[in-house]
Amino acid sequence: MENQENRELSFAEQLTLATALLEAVDKRNQFIEGHGGFDTFAEAGQHVGDNRAVYDELEATVTRTRKEFDEKVTDKKTFVEQLRNVGQGDFAGQIAS
């Protein structure tokens, strides 16, 4: 088990984690945009129905996936370079930021 945890992830595994992170961020951001943007959501939207609970769960998902990505993708610079090398420049830019 320890050997499994310490092994370096393949590019495909790193890509899966990165994709999950970006999807979680996009889903959270789309939810906020659907409620008029962050300022409108913060002032009014979060007080309607269960919007705050939904947002909190989306944010928790972002936090969990970001933590997993950060812990498991130890050489982000190399990962971003690999993305660029396979023609995924836009994706690499998102990960780099």
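Everything below is about the structure printed above this text.
Just so it is clear, the model here is predicted, and its values are computed rather than measured. Each residue is numbered by its place in its chain's sequence as written, counting from 1. Where totals are concerned, whole chains, interfaces and linings use all residues; where local detail is concerned, this predicted model gives features only for residues with pLDDT of at least 70, and gives and counts side-chain atom pairs only at 80 or more. Heavy atoms from the whole structure form the basis of all side-chain values; hydrogens and water molecules are not counted.

### Observations regarding the packing of helix α2 (residues 11-33) against helix α5 (residues 76-85)
Link 1 in the chain: Remark: α2 packs on α5, axes separated minimally by 11 Å, with the N-to-C direction vectors making an angle of 95°. Between α2 and α5, the interaxial angle falls into the category roughly perpendicular. Along its contact with α2, which presents Phe 11, Gln 14, Leu 15 and Ala 18, the element α5 presents Phe 79, Gln 82 and Leu 83.
Link 2 in the chain: Residues are sorted three ways: Asp, Glu, Lys and Arg are charged, Ala, Val, Leu, Ile, Met, Phe, Trp, Tyr, Cys and Pro are nonpolar, and all the rest, Gly among them, are polar. Grouping the amino acids of the contact of α2 with α5 by side-chain chemistry returns 5 nonpolar, 2 polar and no charged. Lines are fitted to the C-alpha atoms to define the axes, a helix being fitted only along its stretch in contact, and any angle between axes, read from their N-to-C directions, falls within 0 to 180 degrees. Where helices and strands are cited, they refer to DSSP runs of H or I of at least four residues and of E of at least two residues respectively, numbered from the N terminus. Note on terminology: angles under 35 degrees are roughly parallel, angles over 145 are roughly antiparallel, angles of 65 to 115 are roughly perpendicular, and the others are oblique. By definition, residues are in contact when any of their heavy atoms lie within 4.5 Å.

### Some details on the environment of Gln 94
Link 1 in the chain: Relative to the assigned elements, Gln 94 resides in helix α6 (residues 89-96).
Link 2 in the chain: Between buried and exposed lies partly exposed: a residue is buried under 20% and exposed over 50% of the maximum accessible area for its type, with that area taken using a 1.4 Å probe on protein chains only. Exposure remark for Gln 94: the relative accessible area of 40% places this residue in the partly exposed category.
Link 3 in the chain: Taking the C-alpha atoms as reference, Gln 94 lies 18 Å from Arg 64; in sequence the two are 30 residues apart.

### A few points about the nonpolar core
Link 1 in the chain: To form a nonpolar core, buried Ala, Val, Leu, Ile, Met, Phe, Trp, Tyr and Cys residues must be joined to one another through side-chain atoms within 4.5 Å. In this structure, Ala 18, Phe 69, Phe 79, Leu 83, Phe 91 and Ile 95 are the most contacted members of the largest nonpolar core, which totals 16 residues.
Link 2 in the chain: Listed by contribution, the elements that provide at least two residues to this core are α2, α4 (51-72), α5 and α6.
Link 3 in the chain: No other element matches the 6 residues that α2 contributes to this core.
Link 4 in the chain: Beyond its immediate sequence surroundings of up to four residues, Phe 69 is in contact with Gln 14, Leu 17, Ala 18, Leu 21, Lys 76, Phe 79 and Ile 95.
Link 5 in the chain: Counting residues in hydrophobic clusters, the runner-up holds 5 residues, among them Ile 32, Phe 41, Tyr 55 and Leu 58.

### Remarks on the packing of aromatic side chains
Link 1 in the chain: Aromatic pairs are defined between Phe, Tyr and Trp rings, using the six-membered ring for Trp, whenever the two ring centres lie within 6.5 Å; interplanar angles under 30 degrees are classed as stacked, those over 60 as edge-to-face, and all others as tilted. In total, this model carries 4 aromatic pairs according to the counting rule given.
Link 2 in the chain: On the numbers, 5.7 Å between centres and 50° between planes, the contact of Phe 11 with Phe 79 is tilted. Here Phe 11, found in helix α2, pairs with Phe 79, found in helix α5; they are 68 residues apart in sequence, far enough to count as distant.
Link 3 in the chain: Phe 11 gets classed as partly exposed once you look at its relative accessible area, which sits at 26%.
Link 4 in the chain: Given a relative accessible area of 0%, Phe 79 falls into the buried group.
Link 5 in the chain: Ring geometry for Phe 41 versus Tyr 55: centroids 5.4 Å apart, planes at 45°, classification tilted. With Phe 41 in helix α3 (residues 38-43) and Tyr 55 in helix α4, the pair connects residues that are 14 residues apart, well separated along the chain. Each member of the pair Phe 41 and Tyr 55 is classed as buried.
Link 6 in the chain: An aromatic cluster of at least three residues, connected via ring pairs, comprises Phe 11, Phe 69 and Phe 79.

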